[in-house]
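Chain residues, written in single-letter form:
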Amino acid sequence: MRCRKCGKKAVVSLRAYRISLCGDCYVDFYRKLVERSIKKYRILGKDERILLAVSGGKDSSAMVSVLKELGFDFEILHIDLGIGEYSKDSRRKVENLSEMLSVNLNIVELEDYGFTIPQVRGRVCSACGTAKRYIMNRFARERGFDVVATGHTAEDLASFYLKNIAGGQQVFAEKLIPRIEPFDAKVVAKARPLFEISERENMLYALIKGLPFKSGECPYAPRPEWKEIVYDIELKKPGFTRNFVRGLVGKAENPLETRYCSICGEISSGEVCSFCKIRMKFTRSSKGF
Ligand SMILES: [Zn+2]
Ligand SMILES: [Zn+2]
């Protein structure tokens, strides 16, 4: 198999685009995909102060590298969740990445807020998501960033949507659109520059570029059944995932009106925000309150 662009030996075959490419041409192709997406949906601006939330996985590592290639100016934030070796290894990968690409790295330890993820009982993944969103937003606002970007992929959005719809739940715009503007002074804009890029496309880019990234799921993550359904459909109908998330952009509705948490003052849907509820439940001391 030959590269469609230059005729060299192809190393990558993309069914959704019906194209085979060599390593160098794939990196160009991927960068152009992300660039087109950012322009079309106005996901990030060159004049903005951008913070990239980076877990150490392939998707966020790819995001950091491609945005650097595209000439964006940004800093990165890693949240250390305190999940034993998993968190230690993730943090090392992010440190290596920031050195390799010479980008400014900020690290926040969840422990500074009084608890770590292993102390949470019950709905661990949901508590983890709440903690990450809370810290990202607060850190970005307090340090004067205009926007926080995360490495969410097309599979993340499509599986989230399908799962909620199948469960009879309403899905709000902020979970589905590539960019959400602040609807309140306490909220920083959120961006998903990889929202129509697939995990495999990120993985190929990260491997070809030799980026450090942590493989393997979090030890608390349940089996990603809805993602497996999305993979299955993609296998039978190449291009499904990308087209599906593009279709979702138009379906997005406006978020609900917000209130403020009586404990920490951040935005909240009730009297006390969900992050403070988790903190109160799992923090033994009053450290950080
Ligand atoms: Zn080529
Ligand atoms: Zn709160």
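Residues numbered from 1 in each chain as written. Chains lettered and ligands numbered in written order. Predicted model: local features only at pLDDT ≥ 70, side-chain atom pairs only at ≥ 80, totals over all residues. Heavy atoms only, no water.

If you trace the 6 strands from one edge of the open sheet to the other, you get 5-4-3-6-8-7, paired in mixed fashion. In the strand order of this sheet, the two ends are held by strand 5 (104–109) and strand 7 (179–180), each with one partner. Judged from the 3 bridges that link them, strand 3 (residues 50–53) and strand 6 (residues 147–149) form a sheet pairing that is parallel. Paired with L52 across the bridge in strand 6 is A149. Against the sheet, helix 3 (residues 84–100) engages strand 4 (74–80) and strand 5, with an angle of about 165° to strand 4. (Pairing = 2+ DSSP bridges. Helix = DSSP H or I, 4+ residues; strand = E, 2+ residues; numbered from the N terminus. Contact = heavy atoms within 4.5 Å. Axes fitted to C-alpha atoms, helices over the stretch in contact; angles between N-to-C directions.)

Our focus in this paragraph is the pattern of salt bridges. A full pass over the atoms with the stated rule returns 24 salt bridges. With a shortest N-O distance of 3.6 Å, K39 and E35 are connected by a salt bridge. Here K39 and its partner E35 are both found in helix 1 (residues 23–40), 4 residues apart, which amounts to about one turn of the helix. Looking at E35, the relative accessible area reads 29%, which means it is partly exposed. Its salt-bridge partner being K209, residue E69 comes within 3.1 Å of it at the nearest N-O pair. In this pair, E69 is assigned in helix 2 (residues 58–69) and K209 in helix 6 (residues 199–209), connecting sequence segments 140 residues apart. (Salt bridge = Lys/Arg side-chain N within 4 Å of Asp/Glu carboxyl O. Buried < 20%, exposed > 50% of the residue type's maximum accessible area, 1.4 Å probe, protein only.)

Glancing now at the nonpolar core. By size, the foremost hydrophobic cluster in this structure holds 52 residues, and its most contacted members are Y26, Y30, L44, L52, V64, L67 and F74. For L67, the contacting residues outside a window of four places in its chain are I38, L44, L52, F72, F74 and P193. Grouped together as the second largest cluster of nonpolar side chains are 32 residues, L110, A131, I135 and C218 included. (Core = buried A, V, L, I, M, F, W, Y, C linked by side-chain atoms within 4.5 Å.)

The residue S159 is located in helix 5 (residues 154–166) in this model. At 3.3 Å, the side chain of S159 and the backbone oxygen of D156 are in polar contact. If near-sequence neighbours (up to four positions away) are discounted, S159 is found in contact with W226, K227 and V230. (Polar contact = N/O pair within 3.5 Å; in protein donor to acceptor, adjacent residues only side chain to side chain.)

Looking at the metal site, the zinc ion (ligand 1) is ligated by C3 (SG), C6 (SG), C22 (SG) and C25 (SG), spaced 2.3 Å from it. Metal-centred angles of 101 to 118° between the 4 donor atoms at the zinc ion (ligand 1) mark the site as tetrahedral. Along the chain, the residues donating to the zinc ion (ligand 1) are arranged with the sequence spacing C-x2-C-x15-C-x2-C. Classification of C6 by relative accessible area gives partly exposed; the value is 40%. (Donors = N, O, S within 2.8 Å, 3.2 Å for Na, K, Ca; no water. Tetrahedral: all angles 85-135°; square planar, octahedral: opposite > 155°, others 65-115°.)

This next bit is on the coordination of the zinc ion (ligand 2). Metal coordination angles have textbook ideals: 109.5 degrees for a tetrahedral set of four donors and 90 or 180 degrees for an octahedral set of six. In this structure, C261 (SG), C264 (SG), C273 (SG) and C276 (SG) serve as the protein donors to the zinc ion (ligand 2), at separations of 2.3 to 2.4 Å. Coordination at the zinc ion (ligand 2) comes from 4 donor atoms whose angles at the metal span 105 to 114°, giving a geometry best classed as tetrahedral.

Before going further, it helps to spend a moment on the side chain of T116. Mapping T116 onto the fold places it in the loop between strand 5 and helix 4 (124–142). With a relative accessible area of 11%, T116 lands in the buried category. The contacts of T116, once residues within four sequence positions are left out, are L81, G82, L110 and E111.

On to the layout of surface pockets, then. Over the atoms, a rolled probe matching the size of one water molecule traces out where space is still vacant. There is about 430 Å³ of room inside the second largest pocket. Lining the second largest pocket are 21 residues, with A16, E155, S198, R200 and E234 sitting closest to its centre. Mapped by element, the contributors of at least two residues to the lining of the second largest pocket are strand 1 (12–14), helix 5, helix 6, helix 7 (225–236) and helix 8 (240–251). At 4 residues, helix 7 tops the list of elements feeding residues into the lining of the second largest pocket. Across the lining of the second largest pocket, the residue classes tally to 9 nonpolar, 4 polar and 8 charged. (1 Å grid on protein atoms, 1.4 Å probe; cavity = no way out; pocket = protein on both sides within 12 Å on 5 of 7 lines; lining within 4 Å. Points joined across faces, edges and corners; volume = space filled by probe spheres on them. Nonpolar A, V, L, I, M, F, W, Y, C, P; charged D, E, K, R; others polar.)

Together, W226, I229 and I233 make up a nonpolar patch on the protein surface, roughly 210 Å² of accessible area in all. By the element assignment, I233 lies in helix 7. I233 sits in the partly exposed class, given a relative accessible area of 30%. (Patch = residues over 30% accessible without salt bridge, like charges linked within 9 Å, V, L, I, M, F, W, Y side chains within 5 Å. Areas by Shrake-Rupley, 256 points an atom, 1.4 Å probe, with all protein chains shown as cover.)

What follows deals with the pairing of strand 3. Burial along strand 3 is two-sided: the residues I50 and L52 and L51 and A53 are all buried. Sheet topology places strand 3 next to strand 4; 4 bridges connect them, and they run parallel. Each bridged residue has a counterpart across the sheet, and for L52 the counterpart in strand 4 is I76. Handedness of the β-α-β unit built from strand 3, helix 2 and strand 4 comes out right-handed. (Right-handed = clockwise from strand over helix to strand, strands pointing away.)

A few words on the environment of I107. With respect to the element layout, I107 can be found in strand 5. Considered as a pair, I107 and R91 are 16 residues apart in the sequence and their alpha carbons are 8.6 Å apart. Apart from the residues lying within four places of it in its own chain, the contact partners of I107 are H78, D80, R91 and E95.

Function cannot be read off these values alone, since they describe shape.
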